[in-house]
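# Analysis of the macromolecular model
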Amino acid sequence: MIYTLENEFLTVKISDLGAELKSCVLKADGCEYLWQGDPTYWRGTSPWLFPICSNLFEGQFTYRGKTYRMSQHGFARKQVFAVSEQSSTSLTFTLAPNEETRSCYPFEFLFSVKYELVGMQLNCRLLVENRGEDLMYATVGGHPGFNVPLSREGEYADYYLEFSEPCSPDYVVFTEEFCDSGKRLPYPLEGGERLWLSHDLFRVDGIFLSGMSKSVTLKSDKAAHSVTVSYGDAPYVGFWSSQNDGPYVCVEPWYGMASQDGVLPIEQKCNMFRLLPGTEKCVELSILFQ
């Protein structure tokens, strides 16, 4: 089912499948900011990643002597969420364990996604709660895709990603199995803040950085519109598009990262929240449409 949030500036549509953002249109001129999904390139639009980001080695982890299988980015994006709160400008989705999730993730959780439309900005609040009796391991990430060009203004290579302040990020080096090698290399930006887009950037996979500023803007000097994604203390932000010249770019704030090589106990997986029984972890992101 598709739900709608609306104010004087924007119309936002969200699906209960994955609590996924599906559309964001500027009322003034009809600009659709969000990638609309196309199987030629990528079916998704803006999935939430939970309880892992990226890959597990061979798609597996162990817990208390048992092996579990989980697909890339976890299961939340393929689950139907319940709606717990709703108004014209705010919507909260929740996901609780079910038979399918327990087969690949043996923890009692509640995962909530709250959207709130304020002016030209969409605020997103992710809440992970441990409702079980054991220490729980989980993480979250965002994966919103944006049209490039915006409103058909300019070409793909006219757009760039500009960080909110000069920074010296490091590039995450992956293994051949797309696991985290643990290595980090300097990734210089133009003027310390700008990364120009090109389809060649994504011939192998995405670019994932650490040590960057707290927000980044997709923009072009030839376009009137832009999008700013703010991600606070997220330790990683990735940029991705399909290898076949996808007309979009994803800006991906991640609190987790791909696993190390080897099928590991989940207790040893890198970049996971460790939640005691009865505790929670809250993450806040925002998208400013201009």
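Quick look at the structure, then. Residue indices follow the written sequence of each chain, beginning from 1 at its first position. Per-residue local features are limited, in this predicted model, to residues with pLDDT of at least 70; the limit for side-chain atom pairs, both in listing and counting, is 80 or more; totals at the level of whole chains, interfaces and linings are taken over all residues. Note that water and hydrogens are dropped before the side-chain values are worked out from all heavy atoms of the structure.

## Some thoughts on the sheet that holds strand β1 (residues 2–6)
Only strands joined by at least two bridges in the DSSP assignment are considered to pair. Helical segments are the DSSP runs of H or I of at least four residues, strand segments are the runs of E of at least two, and each set is numbered from the N terminus. Spatial ordering of the open sheet is given by β1-β2-β3, a layout of three strands whose pairing is antiparallel. The open sheet has two edge strands, β1 and β3 (21–26), and neither has a second partner. Here the average twist between neighbouring strands, direction ignored, is 15°. All axes are obtained by fitting lines to C-alpha atoms, using only the stretch in contact for helices, and the reported angles, taken between N-to-C directions, cover 0 to 180 degrees.

## Focus: the packing of aromatic side chains
Stacked, tilted and edge-to-face pairs are distinguished by plane angle, under 30 degrees for stacked and over 60 for edge-to-face with tilted covering the rest, among Phe, Tyr and Trp rings (Trp via its six-membered ring) whose centres lie within 6.5 Å. Tallying each qualifying case throughout the model produces 27 aromatic pairs. In textbook terms, an aromatic cluster arises when at least three aromatic residues are bridged by ring pairs, as seen for Phe50, Tyr63, Phe75, Phe81, Tyr105, Phe107, Phe109, Phe111 and Tyr137. The rule for a charge over a ring is simple: NZ of Lys or CZ of Arg within 6 Å of the ring centre, and within 35 degrees of the ring normal. Its guanidinium or amino end placed over the ring of Tyr160, Arg194 lies 3.8 Å from that ring's centre, counting from NZ or CZ. Directly above the ring of Phe273 sits Lys281, whose terminal nitrogen or CZ lies 5.4 Å from the centroid.

## Observations concerning the pairing of strand β18 (residues 207–210)
Each residue is assigned to one of three classes by its accessible area relative to the maximum for its type, calculated with a 1.4 Å probe on protein chains only: buried under 20%, partly exposed between the two thresholds, exposed over 50%. By the alternation rule, side chains of β18 split into Ile207 and Leu209 and Phe208 and Ser210, which are all buried. The pairing of strand β15 (residues 170–174) with β18 spans two bridges and is classified as antiparallel. Bridge assignment links Tyr171 to a residue of β18, and that residue is Leu209.

## Here we look at the environment of Phe146
Note on placement: Phe146 falls in strand β13 (residues 145–147). Note: C-alpha distance between Phe146 and Tyr160 (14 residues apart in sequence) is 12 Å. Residue contacts for Phe146: discarding those within four places in its chain leaves Tyr33, Leu34, Trp35, Leu218, Val227, Val229, Pro247, Tyr248, Val249, Val251, Ile287 and Phe289. Only heavy atoms matter for contacts: two residues are in contact if any of them lie within 4.5 Å across the pair.

## Let's talk about the layout of surface pockets
Using a grid of 1 Å spacing that covers the protein atoms alone, one calls a set of points a cavity when a 1.4 Å probe fits there but cannot get out, and a pocket when the set is open and has protein on both sides within 12 Å along at least five of seven lines; lining residues are those with an atom within 4 Å of a point. Grid points are joined across faces, edges and corners, and a volume is the space filled by probe spheres set on the points. As a volume, the largest pocket reaches approximately 460 Å³. Note on residue categories: nonpolar means Ala, Val, Leu, Ile, Met, Phe, Trp, Tyr, Cys or Pro, charged means Asp, Glu, Lys or Arg, and polar means any other residue, Gly included. Of the residues belonging to the lining of the largest pocket, the class tally is nine nonpolar, seven polar and six charged.

## Considering the side chain of Ser46
Mapped onto the fold, Ser46 is located in the loop between β3 and β4 (48–49). Those residues in contact with Ser46, other than ones at most four positions away along the chain, are Glu20, Leu21, His143 and Pro144.

## Notes on the environment of Glu177
For Glu177, the position within the fold is in the loop between β15 and β16 (180–186). Residue class for Glu177 comes out partly exposed when judged on its relative accessible area of 44%. For Glu177 and Ala28, which are 149 residues apart along the polypeptide, the C-alpha to C-alpha distance reads 46 Å. Discounting residues that sit within four places of it in the chain, Glu177 has contacts with Asn55, Phe57 and Asp261.

## Quick word on the pattern of salt bridges
Pairing between side chains becomes possible if they bear opposite charge and their charged atoms approach one another. Here, a salt bridge means any side-chain nitrogen of Lys or Arg that lies within 4 Å of a carboxyl oxygen of Asp or Glu. Following the criterion strictly, the structure yields 12 salt bridges and no others. Here Asp134 makes a salt bridge to Arg64, at a shortest N to O gap of 3.2 Å. You can see Asp134 sitting in the loop between β10 (121–130) and β11 (136–138) and its partner Arg64 sitting in the loop between β5 (60–63) and β6 (66–69), a full 70 residues away along the chain. The class of Asp134 is partly exposed, set by a relative accessible area of 33%. Salt bridges sharing partners connect three or more residues here, namely Glu162, Arg194 and Lys219.

## Regarding the side chain of Asn55
Summarising the element assignment, Asn55 is placed in the loop between β4 and β5. Identification of polar contacts relies on pairs of N or O atoms within 3.5 Å, with a donor-acceptor requirement for protein atoms, meaning one able to donate a hydrogen and the other able to accept it, and with residues adjacent in sequence counted only if both atoms are side-chain atoms. One polar contact links Asn55 to Gln72, side chain to side chain, over a distance of 3.3 Å. Leave out the neighbours within four places in its chain, and Asn55 touches Gln72, Glu177, Phe178, Ala258 and Ser259.

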